[in-house]
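Listed below, chain by chain, are the residues.
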Amino acid sequence: MAAKHKDRLLDMVKSTTDIGVNLFFVRQPYPNGLGDAVRLAKSFVADEPFVVMLGDDLMSDKVPLTKQLINEYEDTHSSILAVKRVPHEEVSAYGVIDPSDEVKPGLFNVSRFVEKPAVEDAPSDLAIIGRYLLTPEIFGILDNLKPGKGGEVQLTDAIDKLNETQRVFAHEFTGDRYDVGNKFGFVQTTIEYGLTHPEVKDKLRPYLEELGKRLLADDKGAKAPKK
Ligand code: G1P
């Protein structure tokens, strides 16, 4: 890139490599649940609090959600996970908390963490979204945890157990969440991020406006009575 004077691209690559971040991978070679996947990362974490970020949940807010969790941890020295209110009929797609009291606005003590409850059994509409800050004691629990919902080792179940011996807080996230783990969410997220992205927004907006007009015209055409 340097030889070809592609300076802007070169700067972009450097910005990701010059900051001294090392990436290490461990692969879960079989599907056995989020709890099992986290357990496999034990040797990276050693005996320190750590963050779990689910890559198919994108969050957008002025202060990044993970930083919000870290700020709370600095006050409480307790595990904490992010929750967001979802429409009641959608709760069975998530881990759900049973909040016992609101310690301060948006920070909950929790009496139960339930993985993917039936809609009629859900203790609240506060769904666990993909950001967790956990103390290392979670690993001892995961090591001995029996499979839960779907026959898989569930992180939510381990957190529910951890909460018996150490407080685990829930922090309500009020920013935007994008779920790219389903096909519609993936397309929607791509469009919404594109609308603010400096490289494509100027083309994308007029394109979508034009597309919207075409779709409306098609609808009207379809509804017009045949002569
Ligand atoms: C996982 C967790 C669930 C959580 C969800 C957030 O489920 O098991 O508790 O609410 O992520 O996206 P998954 O979406 O992997 O089925």
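In this report, the structure presented in the accompanying data block is examined. On a predicted model such as this, the values are computed, not experimentally measured, just so you know.

1. With respect to the nonpolar core
Logical step 1: Counting residues in hydrophobic clusters, the biggest one holds 26 residues, and the most contacted among them are L81, I97, I138, L142 and I159.
Logical step 2: The set of elements that each furnish at least two residues to this core consists of β1 (50-53), β3 (79-85), β5 (107-115), β6 (126-134), α5 (137-143), α6 (155-165) and β7 (168-172).
Logical step 3: Dropping the residues within four chain positions of it, L81 is found in contact with L69, I97, F113, I128, R131, Y132, I159, F169, A170 and H171.
Logical step 4: Of all hydrophobic cores here, the second largest spans 11 residues; its members include M59, L65, F169 and F173.

2. What to know about the pairing of β5
Logical step 1: In terms of strand pairing, strand β4 (residues 95-104) meets β5 through eight bridges, oriented antiparallel. Bridge pairing in β5 links D98 to R112.
Logical step 2: Between the antiparallel neighbours β4 and β5 lie two residues, among them G106 with a positive phi of about 85°.
Logical step 3: Sheet topology places β5 next to β7; two bridges connect them, and they run antiparallel. Directly across from L107, in β7, lies its bridge partner H171.

3. A look at the environment of G35
Logical step 1: Along the polypeptide, G35 turns up in helix α2 (residues 34-39).
Logical step 2: For G35 and A2, which are 33 residues apart along the polypeptide, the C-alpha to C-alpha distance reads 44 Å.

4. Digging into the site of the ligand
Logical step 1: Close contacts around the ligand come from L34, L54, D57, Y94, G95, E115, K116, I128, Q154, T156 and R177, and that covers them all.
Logical step 2: K116 places a polar side-chain atom, nitrogen or oxygen, 2.7 Å from an oxygen atom of the ligand.
Logical step 3: Contact between the ligand and I128: an oxygen atom at 2.6 Å from a main-chain N or O atom of the residue.
Logical step 4: Calculation on the ligand without its partners gives an accessible area of 380 Å², and the protein chains cover 75% of this total.
Logical step 5: Of the residues belonging to the shell around the ligand, the class tally is four nonpolar, three polar and four charged.

5. Focus: the pattern of salt bridges
Logical step 1: Scanning the model with the defined rule gives 11 salt bridges in all.
Logical step 2: E199 is the salt-bridge partner of R8, the closest N and O atoms lying 3.9 Å from each other. Here the residue R8 occupies a position in helix α1 (residues 7-17), and E199 occupies one in the loop between α7 (183-194) and α8 (201-223), the gap between them amounting to 191 residues. Accessibility classification places R8 together with E199 in one group, the exposed group.
Logical step 3: For R85, the salt bridge goes to E172, with nearest N and O atoms at 3.5 Å. Of this pair, R85 sits in strand β3 while E172 sits in strand β7, and the two are 87 residues apart along the sequence.
Logical step 4: What you see here is one network of salt bridges that share partners, running through D36, R39, K42 and D143.

Analysis parameters
- Residues numbered from 1 in each chain as written.
- Predicted model: local features only at pLDDT ≥ 70, side-chain atom pairs only at ≥ 80, totals over all residues.
- Heavy atoms only, no water.
- Core = buried A, V, L, I, M, F, W, Y, C linked by side-chain atoms within 4.5 Å.
- Buried < 20%, exposed > 50% of the residue type's maximum accessible area, 1.4 Å probe, protein only.
- Helix = DSSP H or I, 4+ residues; strand = E, 2+ residues; numbered from the N terminus.
- Contact = heavy atoms within 4.5 Å.
- Pairing = 2+ DSSP bridges.
- Near = heavy atom within 4 Å.
- Polar contact = N/O pair within 3.5 Å; in protein donor to acceptor, adjacent residues only side chain to side chain.
- Areas by Shrake-Rupley, 256 points an atom, 1.4 Å probe, with all protein chains shown as cover.
- Nonpolar A, V, L, I, M, F, W, Y, C, P; charged D, E, K, R; others polar.
- Salt bridge = Lys/Arg side-chain N within 4 Å of Asp/Glu carboxyl O.

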